[in-house]
Amino acid sequence: MLKNIENQNDGTYTIHIEFEAAELKAGEALSGTSKIKGTEAQANDYAEVFAADLRRAYPEKFPEPELPDESMMPDEGGNA
């Protein structure tokens, strides 16, 4: 994920998030821009929330997480 935070010199910051091709399904692209009033530290913190919101809003653009191999899971007795 690429993150760019730009000071607008009016008490606001513009946040631009762009997901890299390796994070997305083949052929997909996803980026977003938001504006926040506050400090640079607040903008930086919000950038992580904004990126998570984009992931939740566009789940179809991301590969399905791989589930662990069931043979590696402990059985009911606690043995692997």
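Here we summarise the structure given alongside this text. (Residues numbered from 1 in each chain as written. Predicted model: local features only at pLDDT ≥ 70, side-chain atom pairs only at ≥ 80, totals over all residues. Heavy atoms only, no water.)

**Here's the deal with the overall build of the protein chain**
Here is step 1: A tally of helices and strands in the protein chain yields 1 helix and 3 strands.
Here is step 2: When the elements of the protein chain are put in sequence order from the N terminus, they spell out β-β-β-α.
Here is step 3: Residues classed as buried in the protein chain amount to 21% of the 80 residues present.
Here is step 4: Long-range pairs, those at least 24 residues apart, make up 45% of the contacts in the protein chain between residues at least 6 apart in sequence.
Here is step 5: By element, 50% of the accessible surface of the protein chain is carried by carbon and sulfur atoms, the whole surface being about 6,000 Å². (Helix = DSSP H or I, 4+ residues; strand = E, 2+ residues; numbered from the N terminus. Buried < 20%, exposed > 50% of the residue type's maximum accessible area, 1.4 Å probe, protein only. Contact = heavy atoms within 4.5 Å. Areas by Shrake-Rupley, 256 points an atom, 1.4 Å probe, with all protein chains shown as cover.)

**Digging into the packing of aromatic side chains**
Here is step 1: All told, the structure shown has 2 aromatic pairs when counted by the stated rule.
Here is step 2: Relative to phenylalanine 62, the ring of phenylalanine 19 lies with its centre 5.2 Å away and its plane at 85 degrees, an arrangement referred to as edge-to-face. Highlighted residues: phenylalanine 19 in the loop between strand 2 (12–18) and strand 3 (31–37) and phenylalanine 62 in the segment after helix 1 (40–57), separated in sequence by 43 residues.
Here is step 3: You can call phenylalanine 19 buried: its relative accessible area is 5%.
Here is step 4: Where tyrosine 46 meets phenylalanine 50, the ring centres are 6.2 Å apart and the plane angle is 20 degrees; that geometry is what we call stacked. Of the two residues, tyrosine 46 and phenylalanine 50 both sit in helix 1, 4 residues apart, roughly one turn of that helix. (Phe/Tyr/Trp six-rings, centres within 6.5 Å; stacked < 30°, edge-to-face > 60°.)

**Some points on the nonpolar core**
Here is step 1: Of all hydrophobic cores here, the largest spans 13 residues; its most connected members are Ile15, Ile17, Phe19, Leu30 and Leu54.
Here is step 2: Of all the secondary structure elements, the ones that give two or more residues to this core are strand 2 and helix 1.
Here is step 3: Here this core gets 5 residues from one element, more than from any other, and that element is helix 1.
Here is step 4: Other than its neighbours up to four places away in sequence, isoleucine 17 contacts Met1, Leu2, Lys3, Leu30, Ser31, Gly32, Ala47, Phe50, Ala51 and Leu54. (Core = buried A, V, L, I, M, F, W, Y, C linked by side-chain atoms within 4.5 Å.)

**Let's talk about the environment of methionine 1**
Here is step 1: Tracing the backbone shows methionine 1 in the segment before strand 1 (2–7).
Here is step 2: For methionine 1, a relative accessible area of 31% corresponds to the partly exposed category.
Here is step 3: Considered as a pair, methionine 1 and alanine 51 are 50 residues apart in the sequence and their alpha carbons are 8.5 Å apart.
Here is step 4: Not counting residues within four places of it along the chain, the set of residues in contact with methionine 1 comprises Ile17, Glu18, Phe19, Glu20, Glu23, Glu48 and Ala51.

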